[in-house]
Amino acid sequence: MSARVSLVLLLLLLSCARPNRIYVRPHDESTKDLTGVSFLSYSHSTVEGFYDGKGRLCAPFTGHVRDYFAGWWAEGDDPICYHGTLESGLQPATLEMRWKSIVPADGNYNVLSTGYAVGTWGDVMARGSYFGDYWAWARVNLEVHSPHCHDSRSFDLARAAITLPAERSASFSGWVEIPDIWVAGCKAGDPLEVRVRLVGQSNRGHIAVTGFGFWAAKDEELDRMFGFRPAPVPPPGSTISEKDAPERSSSAWTRPGERPLPTGPSRGPGGPR
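Residues numbered from 1 in each chain as written. Predicted model: local features only at pLDDT ≥ 70, side-chain atom pairs only at ≥ 80, totals over all residues. Heavy atoms only, no water.

A. Main features of the state of the cysteines. Counting across every chain of the model gives 2 disulfides. Two residues, Cys58 and Cys81, share a disulfide whose sulfurs are 1.9 Å apart. Taking the sign of the S-S torsion, about -60 degrees here, the bridge from Cys58 to Cys81 comes out left-handed. Of this pair, Cys58 sits in the loop between strand 2 (41–48) and strand 3 (69–73) while Cys81 sits in strand 4 (residues 81–84), placing them 23 residues apart in sequence. Accessibility classification places Cys58 together with Cys81 in one group, the buried group. Shown here for the chain is a disulfide pattern of 1-2, 3-4, where each number marks a bonded cysteine counted in sequence order. (Disulfide = S-S within 2.5 Å. Helix = DSSP H or I, 4+ residues; strand = E, 2+ residues; numbered from the N terminus. Buried < 20%, exposed > 50% of the residue type's maximum accessible area, 1.4 Å probe, protein only.)

Here it is in structure tokens:
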């Protein structure tokens, strides 16, 4: 009788257990030529407009890798960070991670990821009405910033739009390869930063984030995720300045020539299960 009871209890425990999350590193540092690269050190994270399930400002990333992930990740089914217009208003909400270094000499530089990709999981929802156009979007912004040289890139994640009294949602999931960015006219002694942001905004709806960050096995990897090296001319494959491109409105999707962000499946190779 006791053996039967033990078997029943074991089956109940197995049925209630949540599967382990498995992280697969989507890009390998060994595939990139890092000759002459100086690394940027991880600096800090910031949060604006995203809140946790108790209505408190979402906690910043502490700088310590947990469960092979560096960034924000939900432990359960609920999002770890949430931005809703009813509670938080119409301003954009951001989760940001920063890396920093010092420009060693005057010149042009290629700023690159050393083989890491950024992962994003979540959804956006637009809540319509009888009058007006309503939308919600999320994107990843990558910025290289120094007082005399800077550039940025923006990658669309998801957008929902509605003109009826109904709700429309769009989800995002997977990993994004970070392009090299070439910056010109940097000055010796200036600070140099790399800023990676998840940005979301809605005029009536919400942005819910389940995960945002990088695959990593230990804290020390945070100080080797981004690097830079002298590059008098743009190297093959790098992207050059968009500073003269027209600005887009907060509700806009992609500029001509931009493509929606390529993402992988959230529950297959390249993402957590």
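Moving on from the model shown.
B. Broad picture of the pattern of salt bridges. Applying the stated criterion across every chain, the model contains 10 salt bridges. Where Arg98 meets Glu96, a salt bridge forms, and the shortest distance between an N and an O atom there is 2.7 Å. Accessibility classification places Arg98 together with Glu96 in one group, the buried group. With its nearest N and O atoms 3.6 Å apart, the salt bridge here joins Glu143 to Arg195. With Glu143 in strand 8 (residues 134–146) and Arg195 in strand 12 (residues 191–202), the pair connects residues that are 52 residues apart, well separated along the chain. For the pair Glu143 and Arg195, one class covers both residues: buried. Members of the salt-bridge network, linked through shared partners, are Glu96, Arg98, Glu143, Glu193, Arg195 and Arg197. (Salt bridge = Lys/Arg side-chain N within 4 Å of Asp/Glu carboxyl O.)

C. Structural context of the packing of aromatic side chains. Scanning the model with the defined rule gives 13 aromatic pairs in all. When the ring of Trp99 is compared with that of Phe214, the centres are 5.6 Å apart and the planes differ by 80 degrees; the resulting orientation is edge-to-face. One end of the pair, Trp99, is in strand 5 (residues 93–102); the other, Phe214, is in strand 13 (residues 205–215), with 115 residues separating them in the sequence. In terms of burial, Trp99 and Phe214 fall into one category: buried. When the ring of Tyr109 is compared with that of Phe228, the centres are 5.6 Å apart and the planes differ by 70 degrees; the resulting orientation is edge-to-face. With Tyr109 in strand 6 (residues 107–113) and Phe228 in strand 14 (residues 226–230), this pair connects stretches of sequence that are 119 residues apart. With respect to burial, Tyr109 and Phe228 carry one shared label: buried. Directly above the aromatic system of Trp137 lies the positively charged group of Arg139, at a separation of 3.8 Å from the ring centroid. (Phe/Tyr/Trp six-rings, centres within 6.5 Å; stacked < 30°, edge-to-face > 60°. Lys NZ or Arg CZ within 6 Å of the ring centre and 35° of its normal.)

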